[in-house]
Amino acid sequence: MMSVFAVSCGGGGGKPDQAQMKKLESEGEFHLPSRSELVAEARSSGGLGLWVVRSDEGFTMPGEKLMVDPTAVRTEMEKHVKISDIGELIDPMAEQWSWENGKGRWRAAAVHGTGGYFLQLEQFAKL
């Protein structure tokens, strides 16, 4: 099955709508740090999506947390943001979460680079 995603990135023109972060927090049942910024968004025609958020603070997400290789997480994020935005990796490990709620199934992964903390959030199934 093939999904079509429309991508909106801060580096390639217009920035994503920052008002969407409150909706994401509500649907995903989590809270982002107060000075977070939505830097990229990719939406499928079915309403599922992928978002990249930047913050000066680390992220705490629901669900099971795993420590993973930060290079793999950054490589996946580079499909949506520039490597120079993330910068050099600071932490030796990245964090990854997965959870399910009444709105769907979610995944998130975060890295800490010289450009700040970056979170890639994905809603990959609706319930």
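In the block above lies the structure referred to throughout.
Residues numbered from 1 in each chain as written. Predicted model: local features only at pLDDT ≥ 70, side-chain atom pairs only at ≥ 80, totals over all residues. Heavy atoms only, no water.

> Mind laying out the overall build of the chain, listing which residues take part and the relevant values?
Helices and strands together make up the secondary structure of the chain, namely 3 helices and 7 strands. The linear arrangement of helices and strands in the chain, starting from the amino end, is β-α-β-β-β-α-α-β-β-β. The buried share of the chain, taken over its 127 residues, is 43%. Counting contacts in the chain only where the partners sit at least 6 residues apart, residues at least 24 apart contribute 56% of the total. Per element, the accessible surface of the chain, about 6,900 Å² overall, is 52% carbon and sulfur. (Helix = DSSP H or I, 4+ residues; strand = E, 2+ residues; numbered from the N terminus. Buried < 20%, exposed > 50% of the residue type's maximum accessible area, 1.4 Å probe, protein only. Contact = heavy atoms within 4.5 Å. Areas by Shrake-Rupley, 256 points an atom, 1.4 Å probe, with all protein chains shown as cover.)

> Hey, could you go over helix 2 (residues 70–77) for me, with residue numbers and the actual values?
Since one α-helical turn is 3.6 residues long, residues separated by three or four positions face the same way. Buried within helix 2 are the following residues: Pro-70, Val-73, Arg-74 and Met-77. Viewed end-on, helix 2 has its buried residues packed into an arc of 95°, placing them on one side of the element. On the buried face of helix 2, the contacting elements are strand 4 (64–68), helix 3 (83–86), strand 5 (94–101), strand 6 (104–113) and strand 7 (116–126). Capping the start of helix 2 is the job of one residue whose side-chain oxygen sits 3.0 Å from the backbone nitrogen of Thr-71: Asp-69. (Arc of directions from axis to C-beta. Polar contact = N/O pair within 3.5 Å; in protein donor to acceptor, adjacent residues only side chain to side chain.)

> Outline the pattern of salt bridges, listing residues and values.
Following the criterion strictly, the structure yields 11 salt bridges and no others. Here Glu-25 ties to Lys-22 by a salt bridge, and the two come within 3.6 Å at their closest N and O atoms. Taken as a pair, Glu-25 and Lys-22 lie in helix 1 (residues 20–28) at a separation of 3 residues, close to a single helical turn. Glu-25 gets classed as buried once you look at its relative accessible area, which sits at 11%. A relative accessible area of 63% places Lys-22 in the exposed class. Close ionic contact of Glu-78 with Arg-74 constitutes a salt bridge, the shortest N to O distance being 3.4 Å. Each of Arg-35, Arg-54 and Asp-56 takes part in salt bridges that share partners, so that together they form one network. (Salt bridge = Lys/Arg side-chain N within 4 Å of Asp/Glu carboxyl O.)

> Tell me about the packing of aromatic side chains, and please be specific about residues and values.
Going through the model one piece at a time under the given rule, you end up with 3 aromatic pairs. An angle of 80° between the planes, with centres 6.1 Å apart, marks the rings of Phe-30 and Trp-99 as edge-to-face. Of the two residues, Phe-30 sits in the loop between helix 1 and strand 2 (37–44) while Trp-99 sits in strand 5, which places them 69 residues apart along the sequence. The exposure classification of Phe-30 matches that of Trp-99, with both residues buried. Three or more aromatic residues joined by ring pairs form one cluster here, namely Phe-30, Trp-51, Trp-99 and Trp-106. Between the NZ or CZ atom of Arg-107 and the centre of the ring of Phe-124, over which it lies, the distance is 3.9 Å. (Phe/Tyr/Trp six-rings, centres within 6.5 Å; stacked < 30°, edge-to-face > 60°. Lys NZ or Arg CZ within 6 Å of the ring centre and 35° of its normal.)

> Go over the nonpolar core with me, naming the residues and quoting the values.
Grouped together as the largest cluster of nonpolar side chains are 16 residues, with contacts concentrated most on Phe-59, Met-61, Trp-97, Trp-99, Leu-119 and Leu-121. The set of elements that each furnish at least two residues to this core consists of helix 1, strand 3 (49–55), strand 5, strand 6 and strand 7. The leading source of residues in this core is strand 6, at 3 residues. When sequence neighbours within four positions are dropped, the list of residues in contact with Met-61 reads Phe-30, Trp-97, Trp-99, Ala-108, Leu-119 and Leu-121. Listed in part, the 14 residues of the second largest apolar core include Ala-40, Met-77, Val-81 and Ile-86. (Core = buried A, V, L, I, M, F, W, Y, C linked by side-chain atoms within 4.5 Å.)

Such coordinate-based values are descriptive only and should not be taken to indicate function.
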